[in-house]
Structure formats: structure tokens, C-alpha cells
Amino acid sequence: MHCPLKNLIPALHMHIKYILILPLGLLLSGIMLYPFLFSVWLSLQDYRLTRLNDVQFVGIENFSLIATDPSFLNAMGNTVSFVATAVICELILGLSLALLVQKLIVFRGVARSILLAPMFITPIAVGLMFRFLLNSEIGIIPFYLSKIGVSIDWFSPELALFSIVLIDVWQWTPFMLLMFLAGLEALPKTPFEAARVDGAGPWLTFSSITLPMLRPVIVVALIIRSLDAFKVFEYVFAITRGGPGNSTETIMYYIYQTGFRFFRMGEAAAASIFLIVVILVLVIILIQLSRPRLTK
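Residues numbered from 1 in each chain as written. Predicted model: local features only at pLDDT ≥ 70, side-chain atom pairs only at ≥ 80, totals over all residues. Heavy atoms only, no water.

> Got a minute to help me understand the nonpolar core in this structure?
If you look at the biggest cluster of nonpolar residues, it comprises 58 residues, and the most contacted ones within it are F72, F82, F180, Y235, I239, I251 and Y254. Element by element, the count of residues in this core is highest for helix α8 (residues 160-186), at 12 residues. If sequence neighbours within four positions are ignored, F180 has contacts with L91, G94, L95, A98, V217, I218 and A221. (Core = buried A, V, L, I, M, F, W, Y, C linked by side-chain atoms within 4.5 Å. Buried < 20%, exposed > 50% of the residue type's maximum accessible area, 1.4 Å probe, protein only. Helix = DSSP H or I, 4+ residues; strand = E, 2+ residues; numbered from the N terminus. Contact = heavy atoms within 4.5 Å.)

Laid out in C-alpha cells, this is it:
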């Protein structure tokens, strides 16, 4: 007697991996796809929280409005400057610290624990902490700097964005350190032993062997940190609220202001879609740069 299960079981076995991830795939699609599609719909509407009964389709008008809005352009400029400066500083410091920690013989575990600690503090708490540490009137850092004749207003229009960058570097350099430590410990030992036998110095070994082999780790670290840095909000909200003036207004704070303070949800959604496009372009560029180039 023919049993249909004999044909069904091999088919299930071949597709079991797809069957197992199907529930998770459906769940993630519902969690991620619906908000994205709703944001796209919002960006095409004149949707204001003050008059929900009068929602009108306006097409790309919201995109035209933000493209000519000086506040939006300023927020994008501040965000790009913040991301570029903070991520590059974190990359250099994280790689340098990883190389130093890897060379430690004693207290390596203690050094790692201390250096990684800032990463585990919630960003809003870090922002409030530095708000008081750097305050020109009650902050302990300006107080001790004044003892040696140095007077710095860390949250002046000229320095406020730089101070936000320093705070981000303090908190997220440990992430770069963690990534590069893992990458360095995964590198094969044979090329380094060969370089040592050939008499290569530390700089030549680093530039010719370590750095090229760490390239995939560097690209992944850059992508992850850049994506996260574009979403900077907590420091700005806790410390400057976009000020003085709009010198520290970032794109996320602009979206928050537009949507939840001025109730223009359509324009806020359009700014969000624009940010997604910018991040996708950045990720594509970084991935293309990470691919090894073929030489003829």
C-alpha cells in the first residue's frame, strides 16, 4: 500500500530550515514592515495631530517642504558632522586601545572591564551626567580647569556640538574596542610569525598584515556605529535641547520636534524616510569599499 507520508517526509526535511524560520520571519515582518509602510503613507499626507479629521493627500509636498526648510538642512548638516567626527575618532581610539590591550600580559581582564564599562550605561544617564560635569557654573570639570587659568564654556554655540561628540566618543569607543579585540584575537598567527622572521618592524606588520586582515571587521564596526550615530537623540535631549540656537539640533531631534511638538506628522515622516535613504546609501558605499578589488 502506497503511503503519501513517504514522499512528504523527504520534502519536509529539505525545507525544514525555511519552515523553522517562517514564524520568526512573519513576526519580524509585522513588527518592521507595518511601521515602515505607515511612515511612507504618513509622508504623503498632510497629517497633523491637531486636526485628525482633516487628513489630505499631498504627494511629495512634504518632501519639498523639508528640502527647503533651513532647520532641516541645518539638522542634517549637524548630524553628518557629528557622525563623521565621532565615528572616525571612535575608530582610531578603539583600534589603538585594542592593540594596547592585546599586548597586556597582566591585568588584561581588569583593563577590559574598566574600558568597556561606559558602553553599558544608558545614553540618557550619560547625557545627564555630562550635563552637570561640564556645566560652566556648577560643573566639576570647568571648576578644576579654572584653577589652572582655563575657562571653557563647553555648551557655547561654538563648542556644544563638539562636546556632544566627545560624550559619544567616551561612551561608544568601548564598542569599537570590543569589535577590534575580537577581530585581532581571531587573526591567524602564521603571517605575523613570518613577518617577524623576515625582520618586519611593528609599523610595517600593522600596515601590511594587521590592517588589511581587519578590513571586514572595520567595515562592520563602521556600519554599526554609523547607523547608531545617525540616531543620536538622548544626549541632545538631556543636555542642550538642540541649542544654543540650533547648533546641536540633529535630524532625530528635528523629527521629534516636528512630529511631537509642532504636530506636523507628515513632515516628520518625510524626514524619517529621507534619513532612511541617506543611511542606505551610506551602507551601500561602505559595503562596496569593503569588497576586495581585483587586479589585472
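Anyway, onward from the coordinates.
> How should unusual backbone geometry be read in this particular structure?
With the exception of glycine, the majority of residues adopt a negative phi angle, and the majority of peptide bonds are in the trans configuration. G243 connects to P244 through a cis peptide bond whose omega is -5 degrees. Topologically, P244 is positioned in the loop between α12 (234-240) and α13 (251-261). Despite not being glycine, R241 shows a phi value in the positive range, around 55 degrees. Mapping R241 onto the fold places it in the loop between α12 and α13. Even without being a glycine, F263 presents a positive backbone phi close to 65 degrees. Within the secondary structure, F263 sits in the loop between α13 and α14 (265-290). Residue F263 is classed as partly exposed on the basis of its relative accessible area, which comes to 33%.

> Please clarify how the layout of surface pockets should be interpreted in this entry.
To find leftover empty space, a probe the size of one water molecule is rolled over the atoms. Considering only enclosed or pocket space, the largest pocket measures out at about 490 Å³ in volume. Along the wall of the largest pocket there are 16 residues; nearest its centre are Q102, K103, F192, T205 and T210. Counting only elements with at least two residues in the lining of the largest pocket, the list comes to α4 (70-103), α9 (190-197) and α10 (202-213). In the lining of the largest pocket, the residues fall into 8 nonpolar, 4 polar and 4 charged. In this model, the second largest pocket occupies a volume close to 400 Å³. In terms of lining residues, the second largest pocket is bounded by 15 residues, among which F36, K231, S272, L275 and I276 are the most central. Looking at the lining of the second largest pocket, the elements that each hand over two or more residues are α2 (16-43), α11 (215-229), α13 and α14. Of the residues that constitute the lining of the second largest pocket, the class distribution is 11 nonpolar, 2 polar and 2 charged. (1 Å grid on protein atoms, 1.4 Å probe; cavity = no way out; pocket = protein on both sides within 12 Å on 5 of 7 lines; lining within 4 Å. Points joined across faces, edges and corners; volume = space filled by probe spheres on them. Nonpolar A, V, L, I, M, F, W, Y, C, P; charged D, E, K, R; others polar.)

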